[in-house]
Each structure stands twice: as C-alpha cells, then as structure tokens.
Amino acid sequence: MGNQSGRSKPYEVVTEYVVHDAIGLDVPLFGTTWATLRWIHVATCALHIGGVVTAVVFLALGEDWSIPVVTSFADWRKRDPTIEGCRDENCFVTPAHRLLGDGRISLQGLVVAFHALSFAWQFAVLVDECGGGSGVRGRYLSELRKGRNGFRWFEYALSAPLMTIILAVVFGIVDFYVLLALAVCTSGLQFFGYVQEIFLSLRVRINDWFVVRSPILAGFFFWVAYWTVIGMAFHQSITSSQATPDSDMTKVIWLTFIFMSLAYVSFAGVLAYDVSRRANGQKQNYANVEGLYCIFSLISKWTLGGLLAWSVRVRSTVIGLGFIVDPPCDFFSGGYNGTNGTNATVVL
C-alpha cells in the first residue's frame, strides 16, 4: 500500500477552529469586547426606538403611503355571452387587476415594524440579567463564542422582507403575490447567511473552496434575482409610461436605489470578510463582526425610513403621485361590466 498522506482530504477535524475566545472579554480588534458591544446595543436600541417614534409621528400626521392589496391575473371573457362555453373562438384573455379584500399596506407601518424587530432582540440581550447561561444573554454570548448569531439572522428574516416590500412599492411593484415572492426571497437570503456562519463555526475544516462558500454564493444569486426584478420594474415604469415622471420623484427613487444597494452590499461585505478570514483558519474577534452588523442594520433602516418619508412628501405635496388600478381592457365591448370588482379605478 502506498503512502496516501499527500492526498488532500475533503475535510479535517481540528481542535480549535473558529471557536472565539475573544468574545470574551479581552482580545480587542477595533476595541470591540463584550463591554463595547453592549454599548453598541444600547445606542442602536435607542436609535431604533427613535425610528419607531418618528414613523408613528408621520402616521399621526398623515404622512403615509398606503396601498391596497392588489393582484393581476388573466381574465377569461366571452365575446358573445349568449353562446355557451368557448366554442368557435368565443373566449379571449385580457390582463386584469383585482383588489384582494379591503385591506391596505401602510409603508410607514412597515417602518415601525422593522425598527421594532431590531429593537426587540437587542433589548432582550441587554435586560436579561437573571437568565444565566440559559437566558437570552447567555444564549447570545454562547452563539457569539461559536462565531455566529441566530438571533440576528432570525430578526433579519422578518425585518428585511418588510424593507424589500417598501423598496418594491417605491419602484412601482404593487402586485401582492409579486411582493410576497420578493419577501420570501429576501427571507431566504438571510437563511443562507446564517447557514454560512454555521458552516464556519463547525469544529471541522472543509477543504473545498466552493462548498465552504456555497451559502454566501447562493445568497448572492438570490440578491441579484430580486434586485433585478425591482430594477426592471422601475425601468419599465420609466420607459413605458405615457408621461415623464417629475424630476423630484425620479431623484428620490434613484437615491433610494443607490443607497439601499450600497446598504445591502455592506452586509455582504461583512459576511465575505468573515468568510475569508475564517475559511483560511485565521482567528478573529467575532464581536467586531457583530458590532458591524448592528451598525449597518441601523444605518440601512434609518436610511430607508428617511428616503420613504422624502418620497411620501414629494408624492403628496409636489405631484400627488398615486398608483391607479385601471379597469381591464375590453376592445370588443368598450368596457367591462363584470361583478368581480375590477372595473373600479382605485388610487393607491
């Protein structure tokens, strides 16, 4: 039997790999220890509550952009209603819109929700003095010592889809099922982020570059997919509209696209940095990564809230922009008199 020690194993068991003693308390990088991280949580909690209060004030002042729950579908119709069925090419299909009940989606309400979600888990970590090792703080520190944080990714899985819905509406998407699909994709993106951290926190070093980075690569394709949908919807609304949008409104939308793209890229950058160091076996203080996530989350949420408030102000005071649900087209009868509610014009 020849010596096979030169063959690269797909994985190797290691005794100390990404087990972070540094969260502990004494190995600073940018000075981030638990004491520093606690103050980061205090500051971000206060500012997230400020975001909640600000959005509630906007709601009280009527500075909101609420949209009805709308869907589009293929509407089957008859050219001659006296003929039974679709014989002799009696049926045709036309695009139609329909309200799904009487509910509305408040975009400022979504701002309240995503700020509140960020506040909730960070506040729970701060106030849990008596939980010991089994309490919220104990579990949180245990996660950080392993180089991951399930609390944060769970919050992102709930709050990031709300942010995506706001972005999609601002860029012209109002179909409920499209919004739902984008929200699910965004939530899945957070799942891949947490899986990536779990991969890197195993006591096994995987020697396959692609396998180690497969969650972050899958998340990247998810991100490209739903941002492409949002961007194409905006491009379609700009290039195919009968009128040219007001320059103030297009300015707000472009700034929203640029700033929020940068915000999402910043999260990917932190994760890529974490992956790069740990996949190469370099020890680091995970508290620094955690602190950066907290700060970028705060900045992205406040940025989106501010841009939404600006777009609402432009919409309401400058051009009175609203989405209109038009009746479906009927080239044969000159109008549609169906009873499914699609013949109404609704301002969103």
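Calculation notes
- Residues numbered from 1 in each chain as written.
- Predicted model: local features only at pLDDT ≥ 70, side-chain atom pairs only at ≥ 80, totals over all residues.
- Heavy atoms only, no water.
- Helix = DSSP H or I, 4+ residues; strand = E, 2+ residues; numbered from the N terminus.
- Buried < 20%, exposed > 50% of the residue type's maximum accessible area, 1.4 Å probe, protein only.
- Contact = heavy atoms within 4.5 Å.
- Areas by Shrake-Rupley, 256 points an atom, 1.4 Å probe, with all protein chains shown as cover.
- Polar contact = N/O pair within 3.5 Å; in protein donor to acceptor, adjacent residues only side chain to side chain.
- Core = buried A, V, L, I, M, F, W, Y, C linked by side-chain atoms within 4.5 Å.
- Patch = residues over 30% accessible without salt bridge, like charges linked within 9 Å, V, L, I, M, F, W, Y side chains within 5 Å.
- Salt bridge = Lys/Arg side-chain N within 4 Å of Asp/Glu carboxyl O.
- Axes fitted to C-alpha atoms, helices over the stretch in contact; angles between N-to-C directions.
- Parallel < 35°, antiparallel > 145°, perpendicular 65-115°, else oblique.
- Nonpolar A, V, L, I, M, F, W, Y, C, P; charged D, E, K, R; others polar.
- Disulfide = S-S within 2.5 Å.
- Expected span 1.5 Å × (residues − 1).

**A short note on the overall build of the chain**
For the chain, the count of helices and strands is 8 helices and 6 strands. Listing the helices and strands of the chain from first to last along the sequence gives β-α-β-β-α-α-α-α-β-α-α-α-β-β. Across the 348 residues in the chain, those meeting the buried criterion constitute 44%. Contacts spanning at least 24 positions in sequence make up 77% of the contacts within the chain whose residues lie at least 6 apart. Carbon and sulfur atoms form 65% of the exposed surface of the chain, whose accessible area is close to 17900 Å².

**Focus: the side chain of Ser-300**
Its place among the elements puts Ser-300 in helix H8 (residues 286-319). Within the structure, Ser-300 has its side chain in polar contact with the backbone oxygen of Ser-297 (distance 3.0 Å). Ignoring any residue separated from it by four or fewer positions in sequence, one finds Ser-300 in contact with Met-163, Met-260, Ala-263 and Phe-267.

**Some details on the nonpolar core**
Judged by nonpolar contacts, the single largest core of 41 residues is most densely connected at Leu-107, Ile-166, Tyr-226, Trp-227, Met-260 and Tyr-264. Elements represented by at least two residues in this core include exactly helix H1 (34-60), strand E2 (66-78), helix H2 (107-127), helix H4 (150-170), helix H5 (176-201), helix H6 (209-239), helix H7 (247-279) and H8. A per-element tally of this core places H4 first, with 8 residues. Among the nonpolar cores identified, the runner-up in size contains 21 residues, and Leu-37, Ile-40, Leu-141 and Leu-200 belong to it.

**Some words on a nonpolar patch on the surface**
Residues Ile-49, Val-53, Val-57 and Leu-61 make up a contiguous nonpolar surface patch of roughly 350 Å² in combined accessible area. Relative to the elements of secondary structure, Val-57 occurs in helix H1. The class of Val-57 is partly exposed, set by a relative accessible area of 41%.

**A short note on the packing of H2 against helix H3 (residues 136-145)**
Packing of H2 against H3 brings their axes to within 7 Å, and their N-to-C directions diverge by 105°. Taken as axis vectors, H2 and H3 run roughly perpendicular relative to one another. Residues Trp-121, Ala-124, Val-125, Leu-126 and Val-127 of H2 pack against Val-136, Arg-137 and Tyr-140 of H3. Residue composition of the contact of H2 with H3, by class: 7 nonpolar, no polar and 1 charged.

**Things to note about the state of the cysteines**
Scanning the entire structure with this criterion turns up 0 disulfides. Of all cysteine sulfurs, the one in Cys-45 lies closest to Cys-294, which takes part in no disulfide; the gap is 8.7 Å.

**A word on H2**
Between its first and last C-alpha, H2 extends 30 Å over 21 residues, near the 30 Å set by a 1.5 Å rise per residue. With a side-chain oxygen positioned 3.0 Å from the backbone nitrogen of Gly-109, the residue opening H2 is Ser-106.

**Some details on the environment of Ser-300**
Look at Ser-300 and you get buried, because its relative accessible area is 3%. Separated by 34 residues in sequence, Ser-300 and Ser-266 have C-alpha atoms that sit 9.5 Å apart.

**Side note on H5**
Taking 1.5 Å of rise per residue, the 26 residues of H5 would be expected to cover 38 Å, and the 38 Å separating its terminal C-alpha atoms lies within 8% of that figure. If you check the start of H5, you find a side-chain oxygen 3.0 Å away from the backbone N of Tyr-177, and it comes from Asp-175.

**Details of the pattern of salt bridges**
In total, this model carries 6 salt bridges according to the counting rule given. The residue Arg-148 makes a salt bridge to Glu-143 at a minimum N-O spacing of 3.1 Å. Take Arg-148 and Glu-143: they sit in the same class, and that class is buried. One salt-bridge network, in which partners are shared between bridges, spans Arg-152, Glu-197 and Glu-290.

Keep in mind that these numbers describe shape and distance, not what the molecule does.
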